[in-house]
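Chains, contacts and geometry: an overview
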Amino acid sequence: MNLTVLWIMWATYAAATIFYWRDFFGAERKANKLKIYLFSTAVAMHLAFFIFFINQAERLYLSNLSEAINSFVLFTALTYWLLEKRLQEPSMGTFILPILLILLAVSNYLFAPSPQIAPVLLDYKFEIHVLCMLLAYGAFTLSFIASLLQYLLARELKKLTMGVFYKRLPSLDFFERISNAAVDAGLLFAILGFVLGLYGANIVWDNLMLSDPKFSAVLIIIATYGFHFISRKLLGWQGDRAAIISIIGFVWILFSFLVISLIFTTQHHFR
Amino acid sequence: MKISLHIFSVHENEDQFQQLPASDLKKLDTELAVNEWLFFTYTGGCEIITIAEENKKPLTTAELQECIAQIAPQFSHCLKNTRELHSETAIIQLLKNIAGLHEDRSGRLLLEPIRDAFELAIEEGFAGPILHYLFQKGIWLHEKIRMESSYYKFAVNPATVLRELAGKIFGSVKNKCIHFIGWHEDFQKVVTELSAAGAQDFLLHCTKPRFVHPKIRQSNTPPSKINGQLETADMILIGELDSDFQLQKSAIARRMTAQNNARLLICNYSTNEKIIKNVKRIYNVFSYEKAELTHLIKHNTNSRDAVLPDITTWFEHESKEFFRWLESDKRYSFAGMVGASREMQRIFELISRVARTNVTILIDGESGTGKELVARAVHNLSSRSERQFVAVNCGAIPDALLESELFGHEKGAFTGADYAKAGLIETAEGGTILLDEIAELQPHLQVKLLRFLQEGETKRVGGTETRHPNVRVLAATNKNLSDLVEAGTFRSDLYYRLNVLQLTLPPLRERGKDVVLIANYFLKRINKSFQKEVQEFSSEALQALIEYTWPGNVRELENAVERACALAVGSKIAIFDLPPALQNQKQDSGRPTATEVSLTLKDMERQHILSVLDHYDWNYEEASKALAIGRTTLWRKLREYGVEQKP
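All values reported here derive from a predicted model rather than from experimental measurement.

Cut-offs and rules
Residues numbered from 1 in each chain as written. Chains lettered and ligands numbered in written order. Predicted model: local features only at pLDDT ≥ 70, side-chain atom pairs only at ≥ 80, totals over all residues. Heavy atoms only, no water. Helix = DSSP H or I, 4+ residues; strand = E, 2+ residues; numbered from the N terminus. Buried < 20%, exposed > 50% of the residue type's maximum accessible area, 1.4 Å probe, protein only. Contact = heavy atoms within 4.5 Å. Areas by Shrake-Rupley, 256 points an atom, 1.4 Å probe, with all protein chains shown as cover. Pairing = 2+ DSSP bridges. Right-handed = clockwise from strand over helix to strand, strands pointing away. Axes fitted to C-alpha atoms, helices over the stretch in contact; angles between N-to-C directions. Parallel < 35°, antiparallel > 145°, perpendicular 65-115°, else oblique. Left-handed = near helix turned anticlockwise from the far one by under 90°. Nonpolar A, V, L, I, M, F, W, Y, C, P; charged D, E, K, R; others polar. Buried area = accessible area lost by both parts, 1.4 Å probe. Salt bridge = Lys/Arg side-chain N within 4 Å of Asp/Glu carboxyl O. Polar contact = N/O pair within 3.5 Å; in protein donor to acceptor, adjacent residues only side chain to side chain. pLDDT = per-residue confidence, 0-100. Core = buried A, V, L, I, M, F, W, Y, C linked by side-chain atoms within 4.5 Å.

1. Considering the overall build of chain A
Scanning chain A from terminus to terminus reveals nine helices and zero strands. In sequence order, the secondary structure elements of chain A are arranged as α-α-α-α-α-α-α-α-α. Put simply, chain A has 271 residues, and 51% of those count as buried. Taking the intrachain contacts of chain A between residues at least 6 apart in sequence as the baseline, contacts between residues at least 24 apart amount to 77%. In the structure as shown, chain A presents an accessible area of about 12,500 Å², 69% of it carried by carbon and sulfur atoms.

Laid out in structure tokens, this is it:
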């Protein structure tokens, strides 16, 4: 797979990001369709790349950190694209796209033209495990952005500072609904991915590898978002409190996804 | 014609100026002695707009005050505050008032009282073409501002600010319970605003309620016990209370527990800032003092004012357009149409109002009433005017071709489809399409059109790709579509989809003196193209035009004027220049009319020769035989009457 294609894709996402930012932070908000067209083009290119890869390599694009990040960006972008189409509210794109852009740059930087793939990674059970985890992380990313915007808007509303978030964002309720729905869906995928991971680990390593930092990291993620779910349902936590849990959860995801993977290179491997 | 336009506005602290009764307005009309005028009142003031020809001595403030003091003494005490504006300033001010840029002390747009007063002024004959023009332009500007600027989106009064805050916090206020504690003058407007946003549950805790609203439940709870009744509240609005009241932290804590920490909005409209002092820091509680709301209003007003310069240029442009219009002497014309009748002015106003929206319009009316002109006016006044206007006559294209004409076709879709072709709907991308004679549309095309109107989707004939052209659809018909729906020949769902707004054009016979206006308009235009110097219609010809029933409507009138202009000798169109149908209506009465009696023998001869020529389709041989004169004599007589050839 040619790295140039990946950078062209990145450039298209970057162009869309510029227009999203210009629209959000500009003097007067304009219904600029160009940003949607650019974003749609980037997602379409990305999807085409993913499908083309599956056709060519007969496996999903998930087998190393670079591929996993790339696919994560695709799933998150695709989910957000559908969400924006449905809700007709582009403000979240202003903040999601830069994150995706950075992750895609990291993925391109780590790109290996012909990676050595351990045979176990070609097993469909592994692919489903990774797919579930990526979908969960994608959902948690959406929840993070929604919670962050909800938190910032709530601050401006409390103090009536009437800043850009007050002017540009819809209601607190809007972001809370998105955040909660994303956490619920993400939690489901995370648990499913975790269970499949346990099953796979049992086969690959013949026992549960409790010392694997990924194992602990995912457990913490599930515990954090599980607490988000329970506190909402049982303790009646809404608004800022739920938003802060979601923000903390996402910071931990970034840490586990990037830092742990890059530092503990000898762990969570399948060779 | 030059005019002087004055606005006399009075601002007073009185809450309500009463509108003068029609009888007083009639007296005022006589006293003012101006061409057109309008008087309207609003909370905190009133305005009088007078329009007079410039050669008349303009009305001074003192004269106006005297007039009003005589007729409506109740106004005399506040007339000292009269402010006078004239010329361009006055026009811009009036346009701004109509466009809804100004509001009265109660927060109501001045557009509303102006509209009511304008209706009355038309009814009583105080408003003429100039006020009509300004009113239509004002309405059109209102729509332009609404669609193309954020000006109206700013919340600039306590009620709209609260609605905005509630919207930011709750999203929808539909199922929210709003508690009012005590009384404040803004509460009534708050109820109106929140009701408009969907709120239905209002509870007023007040021992002496100052207003009654059908949606408000009253609670006579004494202030000391109100804290115990707030568990259902989503919004608490506190006004002035007769006795001491403080919102207790424990009451709010109880409410938060009862509603699972759902967000709570508290607003203190009273001057006592201690009332909500303790609750500010509670989690998920958004509490505001009146001063904070005032600050927000000020901030929004400043933001709104920042977009004002752009809007002001629109008003200045329209003001200049107004003066150009005055000088052009197109007093009764509107976007290429002519009409002074009430019905047509109403149509012009509707066009001004809906042109800038994307609403589908069904234009109906008899043949020749100007349906296409209306469609073009809608297009030209819309934001799509830069793009194409495509008119399709559904009745003129064979059924087999209409589908591919409208929706396009792919290469090889049918025999002869050697290349792919975009349909007219696609061609009109970004613009407007007029589907004339829509009643002639075949059932299978009705289904396809309905799909386009509902889903915005089209598919070319023989194609699989779904397209989403951005086109505004206007439809026209001379048939009664609802009758066709009943008869089962026109789909009811398509009819309802097309009939979002119906513009019914009146037939010419019902437009009174519009006939004369339109005839003069055509005369000027045709005169120019024929390079003749016909200036006017003779009084008999005008009478004939007015009395005729015009089954062919404006189109027939245009043809009649064209013919008359071609036949006319000198500067006037005589009765015998008009088509026989118009002349014959006189003969039907049996006795010769005054017009006929006044004709000279030469006039009669000319008229008879032309009638005979018409009868024989301008065959000189046949006509000369019928007239029992030689061909040379016929030629000579025609030359004498200035008729060189068949018009």
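2. With respect to the overall build of chain B
Across its full length, chain B carries 26 helices and 23 strands. The proportion of buried residues among the 647 residues of chain B is 52%. Here the contacts in chain B between residues at least 6 apart in sequence split such that 70% fall between residues at least 24 apart. Per element, the accessible surface of chain B, about 30,000 Å² overall, is 49% carbon and sulfur.

3. Considering the pairing of strand β8 (residues 235–238) of chain B
A regular strand places its side chains so that they alternate between the two faces of the sheet. Residues and elements named next belong to chain B. Burial of β8 is two-sided: the residues Met235 and Leu237 facing one way and the residues Ile236 and Ile238 facing the other way are all buried. Inspection of the sheet shows β8 paired to strand β9 (residues 264–268) by four bridges, in the parallel sense. Bridge assignment links Met235 to a residue of β9, and that residue is Leu265. Following the chain from β8 across helix α10 (residues 249–258) to the adjacent parallel β9, one finds a crossover that is right-handed.

4. Regarding the packing of helix α1 (residues 3–25) of chain A against helix α4 (residues 91–109) of chain A
Residue and element names in this part refer to chain A. Between α1 and α4, the shortest axis-to-axis distance is 9 Å and the interhelical angle comes to 155°. Comparing the axis directions of α1 and α4 gives the class roughly antiparallel. Classified by chirality, the crossing of α4 by α1 is left-handed. Taking contact as the criterion, the partners of Leu3, Leu6, Trp7, Trp10, Tyr13, Ala14, Ala16, Thr17, Tyr20, Trp21, Phe24 and Phe25 in α1 are, on α4, Ser91, Gly93, Thr94, Phe95, Leu97, Pro98, Leu101, Leu104, Ala105 and Asn108. A per-class count over the contact of α1 with α4 returns 17 nonpolar, five polar and no charged.

5. Thoughts on the interface of chain B and chain A
Each partner contributes residues to the interface: chain B has 25 residues there, and chain A has 23 residues. Across the chain B to chain A interface the summed buried area is about 1,900 Å²; carbon plus sulfur atoms make up 51%. Among the residues chain B hides against chain A, the three largest losses belong to Lys168(B), Arg263(B) and Tyr283(B). Together they make up 36% of the total. Summed over the shared surface of chain B and chain A, the result is one salt bridge. A salt bridge links Arg263(B) to Glu176(A); the nearest nitrogen and oxygen atoms lie 2.9 Å apart. Here chain B is connected to chain A by eleven residue pairs in polar contact (both at pLDDT 80 or more). Mapped by element, the contributors of at least two residues to the side of chain B that touches chain A are α7 (158–170), β10 (285–289) and α11 (290–328) of chain B. Of the residues forming the side of chain B that touches chain A, the biggest block, six residues, is contributed by α7(B).

6. Describing the confidence of the model for chain A
For chain A, the average pLDDT comes to 86, and 90% of its residues sit at 70 or higher. By mean pLDDT, helix α9 (residues 240–263) of chain A is the weakest element of chain A at 84, and α4(A) is the strongest at 93.

7. Regarding the nonpolar core
Of all hydrophobic cores here, the largest spans 104 residues; its most connected members are Tyr13(A), Met92(A), Leu237(B) and Tyr288(B). Take this core: its biggest share by element is 15 residues, from helix α5 (residues 124–159) of chain A. With near-sequence residues (within four places) excluded, Tyr288(B) lies in contact with Leu157(A), Lys158(A), Leu160(A), Leu165(B), Ile169(B), Leu265(B), Ile266(B), Cys267(B), Asn268(B), Ile276(B) and Leu293(B). Counting residues in hydrophobic clusters, the runner-up holds 83 residues, among them Val34(B), Ala52(B), Phe118(B) and Met344(B).

8. Details of the packing of helix α3 (residues 65–87) of chain A against α5(A)
Residue and element names in this part refer to chain A. Contact pair α3 / α5: the axes reach a minimum separation of 9 Å and the direction vectors enclose 50°. The orientation of α3 relative to α5 falls into the category oblique. You can see that α3 and α5 cross each other, and the crossing is right-handed. Of α5, the residues touching α3 (which contributes Ala68, Ser71, Phe72, Phe75, Thr76, Thr79 and Tyr80) are Leu131, Leu134, Leu135, Tyr137, Gly138, Thr141 and Leu142. Here the contact of α3 with α5 is built from residues that sort into nine nonpolar, five polar and no charged.

9. Description of unusual backbone geometry
We note that Gln88(A) has phi near 55°; this positive angle belongs to a residue other than glycine. Within the secondary structure, Gln88(A) sits in the loop between α3 and α4. Its relative accessible area of 63% is what places Gln88(A) among the exposed residues. For Asn260(B), which is not glycine, the phi dihedral falls at a positive 55°. With relative accessibility at 41%, the residue Asn260(B) sits in the partly exposed group.

10. A word on the side chain of His205(B)
Residue and element names in this part refer to chain B. Looking at the secondary structure, you find His205 in strand β6 (residues 201–205). Exposure remark for His205: the relative accessible area of 1% places this residue in the buried category. Of note is the side chain of His205, whose polar atom sits 2.9 Å from the side chain of His179. Not counting the four nearest positions on each side in its chain, His205 is found in contact with His179, Phe180, Ile181, Gly182, Ser219, Thr221, Ile226, Gln229 and Leu230.

11. Observations concerning the pattern of salt bridges
All names here are of chain B. Tallied over the entire structure, the rule returns 40 salt bridges over all chains. Across the pair Arg346 and Glu349 runs a salt bridge, and its minimum N-O distance is 3.9 Å. Residue Arg346 and its partner Glu349 are both found in helix α12 (residues 342–354); the two are separated by three residues, about one turn of the helix. You can call Arg346 partly exposed: its relative accessible area is 31%. Taking relative accessible area as the criterion, Glu349 reaches 6% and is therefore assigned buried.

12. Here's the deal with the pairing of strand β5 (residues 177–181) of chain B
All names here are of chain B. Extensive coverage of β5 is indicated by the burial of five of its five residues. Because side chains alternate across β5, one face comprises the buried residues Cys177, His179 and Ile181, and the other comprises Ile178 and Phe180, equally buried. Here β5 runs beside β6; their pairing, made up of five bridges, is parallel. Note that in β6 the partner of Ile181 across the bridge is His205. For the handedness criterion, the β-α-β arrangement of β5, helix α8 (residues 187–196) and β6 is classed as right-handed. The sheet contact formed by β5 and β8 spans four bridges and is parallel. Note that in β8 the partner of Ile181 across the bridge is Ile238.

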